[in-house]
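# Observations on the model geometry
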Amino acid sequence: MIRRTIKLWSILTITVSSVIFPFFPQSDHAAIAQGDYKKTYFVSPHGSDKNPGTEDAPFQTLERARNEVRNLKQKKGLPDGGVTIYLREGTYRRNDTFILESLDSGKEGKPIVYSSYPGEKVQIAGGVTLSGTDFKPVSDPFVLNRLQDSVQDQVFHYDLHDAGYTDYGTIEQVGMGLPPKTAAPELFIDEKPMTLSRYPNEGYVTVGSVIDAGGNPRSKEGKSQQMDLEMSKGAVFNFKDSRPTTWENTGDLWMFGYWYWDWADGNLNIQSIDSVNISTKSASFYSIRQGQRYYYYNILEELDIPGEWYLDRKSGKLYLIPPSNMEQAKIQLSLLGKPLVKMEETSYIQWKDISFQLTRDDAIIVNNGEHNLITGCELSLIGRSAVKINNGRNNSVLSSEIHDTGNGGISLTGGNRETLEPGRNTAKNNHIYRYSRLAKTYAAAVSLSGVGNTAENNYIHDAPHLAIRFDGNDHIIEYNEISNVMNDTGDGGAIYTGRDWTERGNIIRYNYLHDINNSVSIDQFGIYLDDLASGTHAHSNIFYNVDQAFMIGGGRSNIIENNVIMNSSKAFRGDNRGMTWYKNETGPGGVLYKRLNQVPYQSSVWSKYSNLANILQDEPEKPKHNEIKNNVVYQSSDMFKLSEAFKEYSIIKNNIQTNDKSAQFVNEATIKPISKPKSTILRQIPSFKEIPVDKIGLYIDEHRTKLHGKSDTTQKQKAVAFYDSFEEGLGNWKKISNSQENDLPVTIQSYRGISSFSPSGDVDVITNTFAHGQNKVLSLRFYDNAEDKSMKVIGRVDDGMLPRALGVDTTITETNYVYRIDDRSKATSIPRSTGWHEFVWVYTSGSGVDMYIDGEKVATATGVKEFNFIALGDYWEDQMTAKVFFDDVEVEDKYYSRVTNE
């Protein structure tokens, strides 16, 4: 047995393979050619469901392909590598939701993949394309009489009824505080949303004197019958000009506005219009007050500029002033009032490189799913949200384009707030913009709920309100670029949470927020911890041209450190609202008190959150235990606007305010963060940690071939020489094993995405050898099962001759991690624990290697300059097998610790 071990070690010291830098995964073309997927089916809009589903004779529908996979599973089981359904180029028109259930699931290492055929464009659409030549000039005298004289010869109509389209949907009352509804049909030309005829064409008018404010449903929230009664109480107010008196009241005239607060939007159906007043059919959620902004819409008489349209639901005629040449335009109407795809309790299903469009509902919903993946997709022209993952685990939305949605972008819910078990759902490397077109407030680009979900490397821009909203515990928001949000609202934040003492352990770090302000309202914040939100750690973020960087609304145990704030009106605001106007919510019957008692906050699992277990004995209404420290503020008029009570109960130290130009961290000409700022001001904060700006924002991968935005460079993440998260297989690794098992990554655990590498037993190792020595940093993630007291598994990063390794060796210690230098293994001071850990090898000194576990240095080896070899797994034939996992192997120029519990 000793001889066999020595033989394996000698094999592993030989150069096995070489890789090309930087690393890019192989293409799907290569995957098809190599036969990585053992079973494939093909679908085409021009196929037939009577066909066998081959490349030469494809199916026509997704349902037929789905059913064929069901038959395969029942008769033969899933083959190694799973099943791929290739969709050939074209549009797949949906009249109903495509439903996948648990019986449609794949398995670990055997996913079910729905993918466009390489190089072909595929759309799954819930709408129709209208021919521009079928739009005719309006000739009906009754209609012409309602149009303004100046545009009568510019308006065209399309007869939807004669074309066979009879479901025109309805405009429903929606808004902040109200349940979501299916959107009405929308018109898109050249993939841009047209404007439902409105007055004024831009901007708003304001509410005149209020005769009757109507009901106030918010005051009865949680009491359904009383809320319904309040909703039925319409408002009456005075309008300021005579325009509404010229309109025919069809019963379908609407107004949209911020009726009471600039952070609470809603629409109202007009009941009646007299010479001076408007009556509404129902109440606004917070009622109505004078001076607030609104506009009118869905009015034929206001069809007066190119790009406006109107749908007469009684006649089925669509009216439009074309914005361009109709014969050459791509004209689309959203019709489907259901999701395009719904996945119920599915696992290991993937959607790749497909466009989803033209639903009036959400595009993709995943309920109670695990290890599902949406990657490289485009989700646009949607009435509600792009992707909703509800109560899921280890699901990911990666490298996708999401834009022009009526509501939000990606919603991730998962994890257990009783046990704090993480959901590990991820939104990563997505470009999300022009979202929240219809629901203007609290419809975020990314929403995180539950426990332990992540939003990272997303580029989010152009929206009226929030970018990222989080509720729950232990979420990570990192490496995102956010700009031009909060562009139509006030008293809100680009990154937002609120109203809970217990939603702790959330980390906001390494984000770049810029150009967040507007001229129509006040108080646009970068990071807003609203209404006593507590326990958030926000560090190493960069703010540029943000109205106000931070708002701590009376909360507790928030740590704000190591941030850079430039060109902002205020850097830090903090108050003691729990002691004043919000005090009622902190006592029995209040929302904070209720939410506290909905979780086991005094249990041992929750003990990791300091100052929470005894909160009711610690003056919970006071803003205690906050820290604002080690921050740099440059060219900002006010550094602090803090209440006296906030200053009394918080730690505020080592913050620098300066106009010294050397303190710049952003190039003001290009709006790009500076990767190596030469700031003399940092000498005043010796503990200031470098911010890894090269890693912020989108990056190139197999599915994202180009970048977007002002802050992009031609090679984003240029400091990264190698990266592998095992999402595309083990093609970049050489596998040495006693068996042929586990030739594909596993999906039981993953740090990011849905895959990782797990040794399948004794003598199971993967290796990678670089063509040149690397004077760099290698980091990886290691998942340990600390209850296993009989294992020997390591990761090594060295020259392939003398090991420099980190891992577990229970023959040395059952309780701590070990390091190995040359032929010696020793215990570290880092105790083992179940979960993900960070292992790092730092070779940047050129004279040795420093080895870290979870941010703590555990060993140093001198006399070595570089590495060119990586090996992960179980080297030994000793019957000490373990179920552990390796993920996110990365080589970069510098060491940036990303320990989640820092």
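This text goes with the structure placed above it.
What counts and what doesn't
Residues numbered from 1 in each chain as written. Predicted model: local features only at pLDDT ≥ 70, side-chain atom pairs only at ≥ 80, totals over all residues. Heavy atoms only, no water. Helix = DSSP H or I, 4+ residues; strand = E, 2+ residues; numbered from the N terminus. Rg over C-alpha atoms; globule rule 2.2 N^0.38 Å. Buried < 20%, exposed > 50% of the residue type's maximum accessible area, 1.4 Å probe, protein only. Areas by Shrake-Rupley, 256 points an atom, 1.4 Å probe, with all protein chains shown as cover. Pairing = 2+ DSSP bridges. Phe/Tyr/Trp six-rings, centres within 6.5 Å; stacked < 30°, edge-to-face > 60°. Arc of directions from axis to C-beta. Salt bridge = Lys/Arg side-chain N within 4 Å of Asp/Glu carboxyl O. Contact = heavy atoms within 4.5 Å.

## Brief notes about the overall build of the protein
A count of helical and extended segments in the protein gives seven helices and 72 strands. Relative to its length of 902 residues, the protein is compact, with a C-alpha radius of gyration of 29 Å against a globular reference of 29 Å. With respect to the three principal axes, the spread of C-alpha positions in the protein is 95 × 75 × 50 Å. Counting all 902 residues of the protein, 60% fall into the buried class. Roughly 34500 Å² of accessible area belongs to the protein as shown, and the carbon and sulfur atoms make up 46% of that amount.

## Here's the deal with the sheet that holds strand S12 (residues 195-196)
Across the sheet, which stays open at both edges, the five strands sit in the order S8-S9-S22-S21-S12 with mixed pairing between neighbours. Where the open sheet ends on each side, the last strands, each with one partner, are strand S8 (136-137) and S12. By the bridge criterion, two bridges tie S12 to strand S21 (residues 308-312) in an arrangement that is parallel. Its bridge partner lying in S21, Leu-196 is registered against Trp-309.

## Re the packing of aromatic side chains
One pass over the structure, following the stated rule, counts 48 aromatic pairs. With a centroid separation of 6.1 Å and 75° between ring planes, the pair formed by Tyr-817 and Phe-839 is classed as edge-to-face. Taken together, the residues span a long stretch of sequence, with Tyr-817 in strand S66 (residues 816-821) and Phe-839 in strand S68 (residues 835-842) at a distance of 22 residues. Exposure class is identical for Tyr-817 and Phe-839. Each is buried.

## Concerning the pairing of strand S27 (residues 364-367)
Consecutive side chains of a regular strand alternate in pointing toward one face of the sheet and then the other. Across the two faces of S27 the burial is the same, with Ile-364 and Val-366 and Ile-365 and Asn-367 all buried. As paired strands, strand S24 (residues 341-344) and S27 are joined by four bridges and run parallel to one another. Following the sheet pairing, Lys-342 is matched in S27 by Ile-365. In this sheet, strand S30 (residues 387-390) lies alongside S27 in parallel orientation, the contact comprising four bridges.

## A closer look at helix H5 (residues 224-231)
Among the residues of H5, Met-227, Glu-230 and Met-231 are the ones counted as buried. Along the axis of H5, the buried residues cluster in a sector spanning 100°; they form a single face. Structural note: H5 exposes Gln-225, Asp-228 and Leu-229 on the side pointing more than 90 degrees away from its buried face.

## Details of the pattern of salt bridges
Once the charged atoms of two side chains with opposite charge are near each other, the side chains can pair. Throughout the structure, instances matching the rule amount to 48 salt bridges. Close ionic contact of Arg-577 with Asp-530 constitutes a salt bridge, the shortest N to O distance being 2.8 Å. Of this pair, Arg-577 sits in the loop between strand S52 (570-574) and helix H6 (591-596) while Asp-530 sits in strand S46 (residues 524-530), and the two are 47 residues apart along the sequence. Judged on exposure class, the residue Arg-577 and its partner Asp-530 are both buried.

## Regarding the environment of Ile-270
Take Ile-270: it is sitting in strand S18 (residues 266-273). Classification of Ile-270 as buried rests on a relative accessible area of 1%. Taking C-alpha positions, Ile-270 is 10.0 Å from Val-236, a pair spaced 34 residues apart along the chain. In this structure, Ile-270 is in contact with Asn-249, Leu-253, Met-255, Ile-278, Ser-279, Lys-281 and Tyr-296, ignoring residues within four places of it in sequence.

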